[in-house]
Amino acid sequence: MTRGRSTIAIVRSIPSAADVSRRLYASQTTSVAAKSLKEKLVEIIPSKVEEVKYVRTTYGSKPLGSVTVDMAYGGMRGIKGLIWEGSVLDPEEGIRFRGYTIPECQKLLPAAEDGAEPLPEGLFWLLMTGEVPSATEVKGLSAEWAARSSIPAHVIDILDRCPNTLHPMSQLALAVNALQHESKFAKAYAQGVHRNSYWEYIFEDTMDLIAKLPLVAARIYRNVYKDGTVGEIDPKLDWGANYAKLLGYSDKNFIDLMRLYLTIHSDHEGGNVSAHTAHLVGSALSDPYYCYAASMNGLAGPLHGLANQEVLRWVLKMQKDVGLQPTDEQVKEYIWKTLKGGQVVPGYGHAVLRKTDPRYTCQREFALKHLPNDPLFKLVSQLYNIVPAVLTEHGKTKNPWPNVDAHSGVLLQHYGLVEEDYYTVMFGVSRSLGALAGVVWDRILGLPIERPKSLSTQDVRNMFEKK
Ligand SMILES: CC(C)(COP(=O)(O)OP(=O)(O)OC[C@H]1O[C@@H](n2cnc3c(N)ncnc32)[C@H](O)[C@@H]1OP(=O)(O)O)[C@@H](O)C(=O)NCCC(=O)NCCS
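Residues numbered from 1 in each chain as written. Predicted model: local features only at pLDDT ≥ 70, side-chain atom pairs only at ≥ 80, totals over all residues. Heavy atoms only, no water.

All right, on to the pairing of strand S2 (residues 94-97) then. Pairing between strand S1 (residues 87-90) and S2: 4 bridges, direction antiparallel. For serine 87, the partnering residue across the bridge sits in S2 and is phenylalanine 97. Connecting S1 to the antiparallel partner S2 that follows it, the hairpin turn spans 3 residues. (Pairing = 2+ DSSP bridges. Helix = DSSP H or I, 4+ residues; strand = E, 2+ residues; numbered from the N terminus.)

Next up, the structure:
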């Protein structure tokens, strides 16, 4: 038998990812008229691939900008060197998901029957397809994720054996690496599946992993802070409502907050640490489990996702140091003390944004609607009035305005989720939507392994000093 023939035989022995998806969908959704996300993707992929071909053929040799020595030393800030389809970040305006601002998403994306905030399933559909889904399509996605949600016994066992002192983010990455055992892409690749269908298995893994995250993340929470018991996924509920209930919260407003939270933390274009890490790791054809676990290790850094935990600690410490209702002068002093101590003010500043983060603004609006008199919210508002001026006077940060992390903790505290060490896990659950949508599109477009050129300092000197 020739090599080519044996490869074909192996490919045939693997159930087609499209078949698996179709069968799953048919068994789970009530409406046969609505398309599944997979079917929608199959429909739009050819024109998108053609568009990318056209852009590369027409503009392939055009420069996107120039790179200075400072940029190379400065975290590659401002270098245009990545393609990311899901979202683009404007320094003044903030994030647009496939062209839609956050307020537009709040208006256009389907909400749950008992809620007002967008369902994160709808945002994922938008990130993946560029189209606003119908309520029926979103319902189908909720049902599909519920059906894919179970986690294997060995993952439960690993989580149950973790010491409560192991940070929840470490537990998340650990559990997702253990879940990698389930990767359909890794198995298909080992059997020699044709590269043209890689994306289908990557899509299957992405759907499975997103579906399993509420059970994984809730188990971490329930083990570390509660009695270790975890409920079951309700197939009639949406992803956010299930996650909230598994955590142990059933307040209607908290559930709606969860949907908003999971929507707005999902994606922030491709260059941030968590999204870029997923893209980079995926470029080696590591499967979505590996990509996401690596991405979570980046999100766990205090300059990135862990800032939401740091904000809460910093605010609570201020209250401890200067009282529950500090004066503006006391707040100012506390900020200066932080800066003079060589620390950052958590929740403020951004590598790209130069205005108040619209993710901050929409959380503030949620607070004004649901918890206007919460004392901690009042303190966060007070900080909003004081920190930017102090940071401006300090004169270092390019953006003195608040980012998403400055506000999220106070909302969670209000509803009783007071364990701030856990907050970055919630951010991480949401980030799966954007980071993994990016990984799926990377494989649809067949992007190559990432390998930017690095230079030594001596190389840089040689470039400018040697004749
Ligand atoms: C987000 C962040 C990492 C962006 O970093 P960046 O792109 O390097 O930001 P800038 O270009 O404005 O940094 C210039 C200087 O201002 C400092 N700076 C930026 N934000 C600051 C803040 N909130 N408090 C104190 N100093 C800050 C930087 O540390 C840097 O100092 P250095 O030159 O001594 O190294 C940074 O603003 C920060 O550390 N913020 C606090 C942590 C946080 O909220 N992270 C979540 C981001 S969504």
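And the narrative resumes.
Attention shifts here to unusual backbone geometry. For glutamate 269, which is not a glycine, the phi torsion comes out positive at approximately 55°. Its location among the elements puts glutamate 269 in the loop between helix H13 (252-264) and helix H14 (273-283). Classification of glutamate 269 as partly exposed rests on a relative accessible area of 22%. The phi torsion at leucine 285 lies on the positive side, around 65°, for a residue other than glycine. When you line up the elements, leucine 285 lands in the loop between H14 and helix H15 (288-299). (Buried < 20%, exposed > 50% of the residue type's maximum accessible area, 1.4 Å probe, protein only.)

Near the ligand, the surroundings consist of 19 residues, among which Leu303, Gly347, Tyr348, Lys396 and Lys398 are the closest. In this structure, leucine 303 approaches the ligand through a main-chain N or O atom, which is 2.9 Å from a nitrogen atom. Lysine 396 places a side-chain nitrogen or oxygen 2.7 Å from an oxygen atom of the ligand. In the shell around the ligand, the residues fall into 9 nonpolar, 6 polar and 4 charged. (Near = heavy atom within 4 Å. Polar contact = N/O pair within 3.5 Å; in protein donor to acceptor, adjacent residues only side chain to side chain. Nonpolar A, V, L, I, M, F, W, Y, C, P; charged D, E, K, R; others polar.)

Let's shift gears to the UniProt feature "active site" (unreviewed entry) in the protein. The UniProt feature table records "active site" (unreviewed entry) at His304, His350 and Asp405. Spanning 102 residues, the named residues nonetheless gather at one spot, since no C-alpha pair among them exceeds 10.8 Å. Note on histidine 350: relative accessible area 24%, which makes it partly exposed. A polar atom in the side chain of histidine 350 sits 2.9 Å from the backbone nitrogen of valine 352. Mapping aspartate 405 onto the fold places it in helix H20 (residues 405-414). (UniProt positions renumbered as here; feature names shortened; annotations may be inferred.)

Before going further, it helps to examine the side chain of arginine 222. Tracing the backbone shows arginine 222 in helix H11 (residues 198-225). Contacts of arginine 222, omitting those with residues within four sequence positions, involve Asp227, Gly228, Thr229, Val230, Leu246, Leu247 and Gly248. (Contact = heavy atoms within 4.5 Å.)

Residues Val69, Tyr73, Leu455, Met463 and Phe464 make up a contiguous nonpolar surface patch of about 550 Å² in total accessible area. Listing elements by their share of the nonpolar patch, those giving two or more residues are helix H4 (69-73) and helix H22 (457-465). Its place among the elements puts tyrosine 73 in helix H4. (Patch = residues over 30% accessible without salt bridge, like charges linked within 9 Å, V, L, I, M, F, W, Y side chains within 5 Å. Areas by Shrake-Rupley, 256 points an atom, 1.4 Å probe, with all protein chains shown as cover. Salt bridge = Lys/Arg side-chain N within 4 Å of Asp/Glu carboxyl O.)

Take the packing of H13 against H20 next. Each pair of packed helices can be described by the angle between their axes along with the distance between the axes. Two elements in contact, H13 and H20, have axes separated by 11 Å at closest approach and are oriented at 160°. It follows from the interaxial angle that H13 and H20 lie roughly antiparallel. You can see that H13 and H20 cross each other, and the crossing is left-handed. Within the contact between the two elements, H13 uses Phe254, Leu257 and Tyr261 and H20 uses Ser408, Leu411 and Leu412. (Axes fitted to C-alpha atoms, helices over the stretch in contact; angles between N-to-C directions. Parallel < 35°, antiparallel > 145°, perpendicular 65-115°, else oblique. Left-handed = near helix turned anticlockwise from the far one by under 90°.)

What the rule picks out here adds up to 0 disulfides. The thiol of cysteine 105 is not disulfide-bonded; the next cysteine sulfur, from cysteine 362, is found 10 Å away. (Disulfide = S-S within 2.5 Å.)

The next point concerns the domain arrangement of the protein. Here the protein is partitioned into domain 1 (147-303 + 422-444) and domain 2 (307-414). In this structure, domain 1 and domain 2 have C-alpha centres spaced 28 Å apart. Between domain 1 and domain 2, the contact holds 17 residues from the first and 21 residues from the second. With both sides pooled, the region where domain 1 packs onto domain 2 buries about 1,600 Å², and carbon together with sulfur makes up 66% of that total. Counting across the interface, domain 1 meets domain 2 through 0 salt bridges. (Domains from an automatic or database assignment. Buried area = accessible area lost by both parts, 1.4 Å probe.)

Turning to the packing of helix H16 (residues 307-322) against helix H21 (residues 423-444), a few remarks are in order. At a minimum axis separation of 7 Å, H16 and H21 run at an interaxial angle of 150°. Our classification of the angle between H16 and H21 gives roughly antiparallel. Seen along the crossing, H16 lies across H21 with a hand that is right-handed. Taking contact as the criterion, the partners of Asn308, Gln309 and Leu312 in H16 are, on H21, Tyr423, Thr424 and Phe427. Along the lines of polarity and charge, the residues of the contact of H16 with H21 split into 3 nonpolar, 3 polar and no charged.

On inspection of all chains with the given rule, the structure shows 15 aromatic pairs. Each ring, one from tyrosine 221 and one from tyrosine 225, has its centre 5.3 Å from the other, and the planes form 50°; the classification is tilted. With a gap of 4 residues between them, tyrosine 221 and tyrosine 225 both fall in helix H11, about one helical turn apart. On the basis of relative accessible area, tyrosine 221 is assigned to the buried category, the value being 0%. Three or more aromatic residues joined by ring pairs make a cluster, and in this case those are Tyr221, Tyr225, Tyr249, Phe254, Tyr415 and Tyr422. Above the plane of the ring of tryptophan 199 lies lysine 38, whose end atom (NZ or CZ) is 5.4 Å from the centre. (Phe/Tyr/Trp six-rings, centres within 6.5 Å; stacked < 30°, edge-to-face > 60°. Lys NZ or Arg CZ within 6 Å of the ring centre and 35° of its normal.)

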